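Here's the letter readout for the chains.
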Amino acid sequence: MSDTGWARSKGDRAERDGLRRGAWYRVVEDKGQSWVVLDVHHVEVRVPKDDVEVRSERPAGWSVVHAPYLVCPGCHARRFVAGQVKEYKCPDCGNSWKVDWSDRA
Ligand SMILES: [Zn+2]
């Protein structure tokens, strides 16, 4: 299965659609309309494109949400991380990801 892409809420704009701020969700369908269909915890949710940021590659770094809060690209856990570390291991899923402190979600 090839990935269509990944999307996350622009700020808190897509929170009303069930997207946690800073978390990336897999794009299930993007037919060039004004919306995309995302896999939000195994539920397909249609979200206006204007409310999300879409990328083609699978995210491999933490999203910074209200620093120093980070959101895991693997399991969507939100963690408080003190100090501007370059890499941080998620206590929830056990994966290590890089931290780009300029990547504000
Ligand atoms: Zn995690």
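Structure: see above.
The notes below deal with the structure included here.

Conventions used here
Residues numbered from 1 in each chain as written. Predicted model: local features only at pLDDT ≥ 70, side-chain atom pairs only at ≥ 80, totals over all residues. Heavy atoms only, no water. Helix = DSSP H or I, 4+ residues; strand = E, 2+ residues; numbered from the N terminus. Rg over C-alpha atoms; globule rule 2.2 N^0.38 Å. Buried < 20%, exposed > 50% of the residue type's maximum accessible area, 1.4 Å probe, protein only. Pairing = 2+ DSSP bridges. Axes fitted to C-alpha atoms, helices over the stretch in contact; angles between N-to-C directions. Phe/Tyr/Trp six-rings, centres within 6.5 Å; stacked < 30°, edge-to-face > 60°. Lys NZ or Arg CZ within 6 Å of the ring centre and 35° of its normal. Donors = N, O, S within 2.8 Å, 3.2 Å for Na, K, Ca; no water. Tetrahedral: all angles 85-135°; square planar, octahedral: opposite > 155°, others 65-115°. Salt bridge = Lys/Arg side-chain N within 4 Å of Asp/Glu carboxyl O. 1 Å grid on protein atoms, 1.4 Å probe; cavity = no way out; pocket = protein on both sides within 12 Å on 5 of 7 lines; lining within 4 Å. Points joined across faces, edges and corners; volume = space filled by probe spheres on them. Nonpolar A, V, L, I, M, F, W, Y, C, P; charged D, E, K, R; others polar.

A few points about the overall build of the protein chain
And step 1. Along its length, the protein chain carries zero helices and ten strands.
And step 2. Helices (α) and strands (β) of the protein chain occur, in sequence order from the N terminus, as β-β-β-β-β-β-β-β-β-β.
And step 3. Its C-alpha atoms give the protein chain a radius of gyration of 13 Å, near enough to 13 Å, the size a compact globule of 105 residues would have.
And step 4. Viewed in the frame of its principal axes, the protein chain has a C-alpha envelope of about 40 × 30 × 20 Å.
And step 5. Every one of the 105 residues in the protein chain was classed for burial, and the buried ones make up 39%.

Description of the sheet that holds strand E6 (residues 61–65)
And step 1. Spatially, E8-E7-E6-E10-E9 is the arrangement adopted by the five strands of the open sheet, whose pairing is mixed. With one partner strand each, in any of the chains shown, strand E8 (78–80) and strand E9 (87–89) form the two edges of the open sheet. On average, adjacent strands in this sheet sit at an angle of 40° to one another, irrespective of strand direction.
And step 2. Pairing of E6 with strand E7 (residues 69–71), which is carried by three bridges, proceeds in the antiparallel orientation. Paired with valine 64 across the bridge in E7 is leucine 70.

Things to note about the packing of aromatic side chains
How two aromatic rings sit relative to each other is set out by the distance from centre to centre and by the angle between their planes.
And step 1. Within this structure, the stated rule accounts for two aromatic pairs.
And step 2. Both rings, one in tyrosine 69 and one in phenylalanine 80, keep their centres 5.6 Å apart while their planes meet at 70°; by these two values the pair is edge-to-face. Here phenylalanine 80 lies in strand E8 and tyrosine 69 lies in strand E7, a separation of eleven residues in the sequence.
And step 3. The lysine or arginine in question, arginine 46, covers the ring of tryptophan 35, its NZ or CZ lying 3.8 Å from the ring centre.
And step 4. The cationic tip of arginine 55 hangs over the ring face of tryptophan 24; the distance from NZ or CZ to the ring centre is 5.2 Å.

Concerning the coordination of the zinc ion
And step 1. On the protein side, the zinc ion has Cys72 (SG), Cys75 (SG), Cys90 (SG) and Cys93 (SG) as donor atoms, found 2.3 to 2.4 Å from it.
And step 2. Coordination geometry of the zinc ion: the four donor atoms subtend angles of 105 to 116° at the metal centre, consistent with an arrangement described as tetrahedral.
And step 3. On the primary sequence, the residues serving as donors to the zinc ion are separated as C-x2-C-x14-C-x2-C. In this pair, cysteine 75 sits in the loop between E7 and E8 while cysteine 93 sits in the loop between E9 and strand E10 (96–104), placing the two residues 18 residues apart along the sequence.

Some remarks on the pattern of salt bridges
And step 1. Counted according to the given criterion, the structure contains nine salt bridges.
And step 2. Residues aspartate 30 and lysine 49 are paired through a salt bridge, measuring 3.1 Å at the closest nitrogen-oxygen approach. Here lysine 49 lies in the loop between strand E4 (43–48) and strand E5 (52–55) and aspartate 30 lies in the loop between strand E2 (25–29) and strand E3 (35–40), a separation of 19 residues in the sequence.
And step 3. One network of salt bridges, in which partners are shared, links Arg8, Glu53 and Asp103.

Things to note about the layout of surface pockets
If you roll a probe as big as a water molecule over the atoms, it shows you where there is empty space left.
And step 1. Looking at the largest pocket, its volume works out to about 260 Å³.
And step 2. Around the largest pocket sit 14 residues that line it, and Trp6, Trp24, Pro73, Gly74 and His76 are the ones nearest its centre.
And step 3. Among the residues making up the lining of the largest pocket, the classes are represented as seven nonpolar, four polar and three charged.

By themselves, these are just geometric observations and shouldn't be taken as functional.
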